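A look at the structure
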Amino acid sequence: MNINYNNRIKYKNCYLPCRTNVTQPSFKGVETLTHTNIGSCLEGYVGKVFVRKPSGEKALVNVFKEKLCTNYENYSIKNDSNDVLGEMAVAINKYQSNEYLPWMGNPNHVFVSELRNYSNPNTPYYKKGLDYHKDIGTRLLQIAQRRSDEAQCEGNIKLISKNESKEWYKRVIGMTEEFPEEQNLKFKIHNPNSMVLPPHAKEPLSKLQGGL
């Protein structure tokens, strides 16, 4: 679940920040993100999500938010020891009505510029010593989808996938190429790794592995 770093977005000289330690707050009960408006949350701890261990056993992990610039946010998933298991940077891209034609559909979207699962030993980003957790990438993309809905982008998500991750985005998440082969040939667009979440895949993604 890797994304091409040559396509990372820059906003007002802001990039994905250096990692800092944040003290995990104490709380009573399980504060999942099921009914949370993530966009209205302040920076820091925002709640918990369920992921899976290799055995299939469920585990609760913590989600943290950083707002870097006006439309640029970072989300990280950490265990109770404050180890970062995965992270994602997103840009909320909204356009004026005169910048597109209505028949082209809503161009507003959340662009996922980075997505990493540090606990997955099969990726180059694996951090030695971390226990493997499944669904890290799925949960991060569900957070991106939630932010897209909250920002009135209709759940639209875009990203640039690396070749080795493309099949996962298509098979598991349901994403498709933004520019199918026939469009690549017609308009000479040479980026088959530009992926979008089509309308028919939005609800399945929101419910994947139980959803947020």
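In this report, the structure presented in the accompanying data block is examined. Predicted model only: the values in this text are computed from it and were never measured.

The rules behind the values
- Residues numbered from 1 in each chain as written.
- Predicted model: local features only at pLDDT ≥ 70, side-chain atom pairs only at ≥ 80, totals over all residues.
- Heavy atoms only, no water.
- Helix = DSSP H or I, 4+ residues; strand = E, 2+ residues; numbered from the N terminus.
- Buried < 20%, exposed > 50% of the residue type's maximum accessible area, 1.4 Å probe, protein only.
- Contact = heavy atoms within 4.5 Å.
- Areas by Shrake-Rupley, 256 points an atom, 1.4 Å probe, with all protein chains shown as cover.
- Pairing = 2+ DSSP bridges.
- Phe/Tyr/Trp six-rings, centres within 6.5 Å; stacked < 30°, edge-to-face > 60°.
- Lys NZ or Arg CZ within 6 Å of the ring centre and 35° of its normal.

1. Observations concerning the overall build of the protein chain
- Within the protein chain, the secondary structure is distributed over 4 helices and 8 strands.
- In sequence order, the protein chain lays out its α and β elements as β-β-β-β-β-α-β-α-β-α-β-α.
- Buried positions account for 47% of the 212 residues belonging to the protein chain.
- Of the contacts made within the protein chain by residues no fewer than 6 positions apart, 59% connect residues no fewer than 24 positions apart.
- Split by element, the accessible area of the protein chain, about 11300 Å² in all, is 50% carbon and sulfur.

2. Focus: the sheet that holds strand E6 (residues 157-160)
- Within the open sheet, the 8 strands sit side by side as E1-E2-E3-E4-E5-E6-E8-E7. Their pairing is mixed. Strands with a single pairing partner mark the edges of an open sheet, and in this sheet they are strand E1 (44-52) and strand E7 (176-177).
- Across 8 bridges, the pairing between strand E4 (residues 84-93) and strand E5 (residues 109-117) is antiparallel. Looking at E5, one finds that Gly 86 is bridged to Asn 117.

3. Side note on the packing of aromatic side chains
- Applying the stated rule across the entire model yields 2 aromatic pairs.
- Aromatic side chains Tyr 45 and Phe 64 sit 5.7 Å apart centroid to centroid with 65° between the ring planes, which places their arrangement in the edge-to-face category. Residue Tyr 45 is located in strand E1, and its partner Phe 64 is located in strand E2 (residues 58-69); the two are separated by 19 residues in the primary sequence. Of the two residues examined, Tyr 45 and Phe 64, each falls in the buried class.
- Relative to Tyr 169, the ring of Trp 168 lies with its centre 5.1 Å away and its plane at 75°, an arrangement referred to as edge-to-face.
- Residue classification places Trp 168 among the buried residues on the basis of a relative accessible area of 17%.
- Judged by relative accessible area, which is 0%, Tyr 169 ranks as buried.
- Over the ring of Phe 50 we find Lys 58; its NZ or CZ atom is 5.6 Å from the centre of that ring.

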